[in-house]
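Structure assessment
Spelled out, the chains give:
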Amino acid sequence: MAATSLPAMPLAAIHASHSGCWLQGTAGTRPVGKGEAIMAAADTPLLLLNAPLVASRLGYPDLSGLDLLELYAFIHPARFMVPTPKGLAQALGLAEPARDDAVPALLQAAAEALLATCEDPAWPEREGAWSALQSLVRLRWPWAGLLIPRIAQPQKAERWLFSRLPEWEDTPERPQPAQIVLDDEAITARLAELTGAAAELRPAQQAYARAAGAMFGPRGQQRQPHIVLAQAGTGTGKTFGYLAPASLWAERSGGTVWVSTYTKALQRQLRRESRAAFPPERAVQAGRTGPPVVVRKGRENYLCLLNLEDALQGGFTGRPAIMAQLVARWAAYSQDGDMIGGDLPGWLGTLFRKRGITALTDQRGECVYAGCPHFRKCFIERAARASAGAELVIANHALVMINAARAREPAQRPTRIIFDEGHHVFEAADSTFAAALTGAETVELRRWVIGPEGTSRGRRRGLAARLADVASYDADGARAIADAREAASALPGDGWLARIVEGGPFGPIEDLLAETRALVLARDESGGQEAGYGLETEAAQLGGAFIEVAGRAQEALEALRQPLLRLALRLEALVEDGPDWLDGPARARIEGARGAIGWRTDLIAGWIGLLARLGGPGDPEFVDWLALERSEGREWDIGLHRRYLDPMKPFAEAVLAGAHGVMMTSATLTDGAETASGDWMSAVARSGAPHLDVRPQVFAAPSPFDYAKNAEVLIVTDVPKGDIPALANAYGRLIEASGGGALGLFTAIRRLRAVYGRIADRLARGGLPLYAQHVDPIDTGTLVDIFRDDPRASLLGTDALRDGVDVPGHSLRLVVMEQVPWPKPSILHRARRLANRGGGQAHDDRIIRARLAQAFGRLIRTGQDHGHFVVLSSAFPSRLLTAFPPGTPVRRVTLDAALQSVAGSVSEGPSAAAPQSPMDETRA
Ligand code: SF4
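So, a few notes on the structure that sits alongside this text. Quantities reported herein were computed from a predicted structural model and do not represent experimental measurements.

**A short note on the packing of helix α14 (residues 305–315) against helix α15 (residues 319–333)**
Relative orientation of the contacting elements α14 and α15 amounts to 135 degrees, with a least axis distance of 9 Å. Considering the angle they form, α14 stands oblique to α15. As α14 packs across α15, the resulting crossing turns out to be left-handed. Facing α14, whose interface residues are Leu308, Ala311 and Leu312, α15 presents Ala324, Gln325, Val327 and Ala328. Each residue belonging to the contact of α14 with α15 can be placed in one class, and the counts come to six nonpolar, one polar and no charged.

This is the structure we're talking about:
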């Protein structure tokens, strides 16, 4: 405990929820009104938890105080904590508050406990704290005054972050993997090792593992990978099912297997579960260096140490500078420097309200590689190198596609790939192989070439500064850099959107964007004009004036592409010539620059291709349109877009053609209707295999769960569509009936907010906290953590929650969908609908069934889970019912009957199935 001579702890603490505010002062804790709470907070810094959330509950955005989350991030960097009173109590071993009015006392106790930690000689995260605190004092961090007397100056100077981090080491190139065949017996034996001898025998999992093993066979011909499509219902044990053959193959062949996921939740789960399949001891015995399992993400996820150093040395001021100090504390203890979904608390960034976290990553590819003083400690470089030597690389779909298409070294190119959450490969390919010539993209390109302009601060450098040594050595290279710089000045710069809106565009690209905006506003008939949504129109019947402007924009882009191509050639020649000054680090930097220039010239070529076709006949392979991006009426981007009608075509070339074995797996790989008929036509088409004339092997295992007993689908028929008060009433009463534990899914943010605004206070007064994406100032991952942690909490959200939530057990017992999740009738959707061989309705139905199946999949995660899936729809077509697993009871009911069912199941337990009625449509 704190010594008596230390500064006294502030007594006052405040807590605000939807059901009220409580202030703890000298006279104890008492409820206060919002006005009094705001006055008290303005008078003196109060103890509070999650200032932005308290501010939003009080309706007073400028609220500040002594935020315990900031203190926790300083004392225990890189440690997980759910940012709620209960989570704080659990993290510190304190008693959980039973009611809201007990929270201020908890905050007081937590502050004392955290401050006392600083005086404990066994404090594990002591190193670096004293030095960071000296900077935080200068930055007037509210906690600094209380910490200074409690953190003793170390006798020996502390190692500064950049000397504390380990250096990565170069590893020798690996030989190519041995060609081996896995036999079924060995796969089954490895699976038994992973699941444990005591684990129940699961024949479906064994069959699944053997099916997965087929992807590891030697390839017979070029461009003919083994492709396995494996659908496994929830509960089959997919992860160990594919890790068994994958680990066996990696061990025996010496190669690397990539597992690709779509959601961060699955990535985290894989990181945990893969430890058993890839034990470090086995890798050591096999003579491998480095960790056997590596998680790899896009570089924009990782902390860039150069950006952090810049932020610490004056690049950030005020609150962002405090955040940079807390990030530096975290970086010293982080497992891998992953800022998005790694061990940096997701809530840290939102405490500082600005986009500070992204400014610390390498968003724009401005890395100077070996020219960076921190290159040998760089988290991104470490992850890239480790993955080349790993047995298993866990990545996401987009990164796998990008690496397959343009990895710097062959060892980084994935050749054995398991796409888990395989039903998302199509949409990941759709965005990876898209072209978007927009204002925001062109501004980024200009910055990348020219560097900071005007009053911009920071270390970011343009191409000329990054390649200064090349320019001084090679006259042609210097000319190419200067030409690129000049051509880039024709691209949109800061303030481009305001210039366009005010009718004063500058340069050929801004002219094009201005014409695009005018045309979209003139032609859009989507009804989004009044609603404030984004607008779009197809790129057709464009008129001579538009084509002329597009032609000038095309010339401007070509004028930039040419010198970049020349520069890439000069760099290549330089690496081959190998002048004296080109030592290892300089070579690595130039190769890095070559890679970065390569993908920018490809990007520009894509834009030129898009513009070149505007005046001519449409290309049936592509869908082109013009768009004005807006949210709530505020414009934020303008541009021209191009998508492949079938993005699996470029996917097949970039990923499948070079691979030896690929598996796509998911619980919802095929459409429910297809599974019933044994027809995999659309799943095969969506795998990309037909583009290489490969016939995939298919496998299906139904879920072992007893859906008939544990789940019920209720289609509520008496909530009128478009009636927000009725919708809110239905949500509120359903959540009350289930006593929380509800996940509410919406297709429109506007309706989500309207419903939330109507019911949050009422539910909170009944002890049922409600959280919402797009409303609460909390990142999505943290919202799910909060929801998982509190069985009385409910969560409202949109698409990202439909299949990014893995909450087994009692915390999730009710899923409510506001309506049938129809696809948005965009131009792209219309084109794909028209192209669908089975007809437009079949196309839409497949999308809706997939969405329903994904949403339903959130409900039953284990054999013990039970609950209700409610769709508020007066006209739910029966043909969509195949979305639900066979045997699941489905009833069309009134809201009152649904409430009875939900409440009955809560009070009576899992098997309280409602009596069947003539309206029952049990899914067979
Ligand atoms: S090597 Fe690149 S990404 Fe890494 S710290 Fe340096 S500049 Fe940042």
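**Quick notes on the pairing of strand β23 (residues 890–893)**
Neither face of β23 is exposed, since Val890 and Arg892 on one face and Arg891 and Val893 on the opposite face are all buried. The sheet contact formed by strand β17 (residues 711–716) and β23 spans four bridges and is parallel. Paired with Val716 across the two strands is Val893, which belongs to β23.

**Quick word on empty space enclosed by the protein**
Under the counting rule described, the total for this entry stands at three cavities of 30 Å³ or more. Computed from the structure, the largest cavity encloses a volume of approximately 80 Å³. Taken together, 12 residues form the lining of the largest cavity, with Cys367, Tyr369, Arg466, Arg589 and Ala593 sitting closest to its centre. For the lining of the largest cavity, the secondary-structure elements that each account for two or more residues are α22 (463–466) and α29 (584–612). The leading source of residues in the lining of the largest cavity is α29, at four residues.

**A few points about the sheet that holds strand β11 (residues 435–438)**
Strand order in the open sheet formed by four strands is β11-β14-β13-β12, and the pairing between neighbours is antiparallel. Because the sheet does not close on itself, it has two edges, and the strands there are β11 and β12 (535–538). The sheet shows a mean angle of 20 degrees between the axes of neighbouring strands, taken without regard to direction.

**A look at the sheet that holds strand β21 (residues 814–817)**
Within the open sheet, the seven strands sit side by side as β19-β20-β18-β21-β22-β17-β23. Their pairing is parallel. Every other strand in the sheet has two partners, leaving β19 (770–772) and β23 as the edge strands with one partner each. The sheet shows a mean angle of 20 degrees between the axes of neighbouring strands, direction not considered. Two strands pair when backbone bridges link them, and strand β18 (residues 742–745) and β21 are joined in this way by four bridges, in the parallel orientation. Residue pairing for β21: Leu743 is matched across the bridge by Val815. This element, helix α36 (residues 780–789), spans β18, β19 and β20 (794–797) of the sheet and lies at about 150 degrees to β20.

What counts, and where the lines are drawn
- Residues numbered from 1 in each chain as written.
- Predicted model: local features only at pLDDT ≥ 70, side-chain atom pairs only at ≥ 80, totals over all residues.
- Heavy atoms only, no water.
- Axes fitted to C-alpha atoms, helices over the stretch in contact; angles between N-to-C directions.
- Helix = DSSP H or I, 4+ residues; strand = E, 2+ residues; numbered from the N terminus.
- Parallel < 35°, antiparallel > 145°, perpendicular 65-115°, else oblique.
- Left-handed = near helix turned anticlockwise from the far one by under 90°.
- Contact = heavy atoms within 4.5 Å.
- Nonpolar A, V, L, I, M, F, W, Y, C, P; charged D, E, K, R; others polar.
- Buried < 20%, exposed > 50% of the residue type's maximum accessible area, 1.4 Å probe, protein only.
- Pairing = 2+ DSSP bridges.
- 1 Å grid on protein atoms, 1.4 Å probe; cavity = no way out; pocket = protein on both sides within 12 Å on 5 of 7 lines; lining within 4 Å.
- Points joined across faces, edges and corners; volume = space filled by probe spheres on them.

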